[in-house]
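Chain residues, written in single-letter form:
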Amino acid sequence: MSLVTAVTLSIAKVRRYNQLGANGLKDKRHQHPGTPPLLSVVEQAQLLETLRTPTADGGLWNSRKVAEWISNLYQVRVITYNINSGART
């Protein structure tokens, strides 16, 4: 972490403390529910059942194959990334 980042974080903490007191310094990450799932509970169950079956080519399931399955079933475009190269697949 750079010095500028550390100083910026410190200034932000001081401001939160000045505005909210000690409560402003608490870790509140657990209070944020995050992004809602892209698939409903029913769709997630359907995907889980599908993953328990062999793939069309007889290989193993991977992120590209799951993305293709979701794209075909729900008529949406799903983009995956190759972490090693950063290239879209």
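Structure: see above.
Novice: In this structure, what is going on with helix H3 (residues 63-74)? I would like to understand it.
Specialist: Taking 1.5 Å per residue, 12 residues should reach 16 Å; H3 reaches 16 Å between its end C-alpha atoms and fits that length. For H3, the N-terminal cap is asparagine 62; the gap from its side-chain oxygen to the backbone nitrogen of arginine 64 is 3.1 Å. Of the residues one or two after H3, glutamine 75 is the one with positive phi, at around 55 degrees.

Novice: In this structure, what is going on with a positive patch on the surface? I would like to understand it.
Specialist: On the surface, Lys13, Arg16, Lys26 and Lys28 cluster together into a positively charged patch. Summarising the element assignment, lysine 28 is placed in the loop between helix H1 (3-20) and helix H2 (41-51).

Novice: How do you make sense of the pattern of salt bridges when you look at a structure like this?
Specialist: Working definition: two side chains of opposite charge can pair if their charged atoms are close together. Counting across every chain of the model gives 3 salt bridges. In this structure, the salt-bridge partner of lysine 65 is aspartate 57, at a minimum N-O distance of 3.1 Å. Take lysine 65: its relative accessible area is 11%, and that puts it in the buried class. Glutamate 68 serves as the salt-bridge partner of arginine 64, at 3.0 Å between the closest nitrogen and oxygen. Taken as a pair, arginine 64 and glutamate 68 lie in helix H3 at a separation of 4 residues, close to a single helical turn. By relative accessible area, glutamate 68 is classed as partly exposed at 41%.

Criteria and thresholds
- Residues numbered from 1 in each chain as written.
- Predicted model: local features only at pLDDT ≥ 70, side-chain atom pairs only at ≥ 80, totals over all residues.
- Heavy atoms only, no water.
- Helix = DSSP H or I, 4+ residues; strand = E, 2+ residues; numbered from the N terminus.
- Expected span 1.5 Å × (residues − 1).
- Polar contact = N/O pair within 3.5 Å; in protein donor to acceptor, adjacent residues only side chain to side chain.
- Patch = residues over 30% accessible without salt bridge, like charges linked within 9 Å, V, L, I, M, F, W, Y side chains within 5 Å.
- Areas by Shrake-Rupley, 256 points an atom, 1.4 Å probe, with all protein chains shown as cover.
- Salt bridge = Lys/Arg side-chain N within 4 Å of Asp/Glu carboxyl O.
- Lys, Arg positive; Asp, Glu negative; His and termini not counted.
- Charge placed at Lys NZ, Arg CZ, Asp CG, Glu CD.
- Buried < 20%, exposed > 50% of the residue type's maximum accessible area, 1.4 Å probe, protein only.

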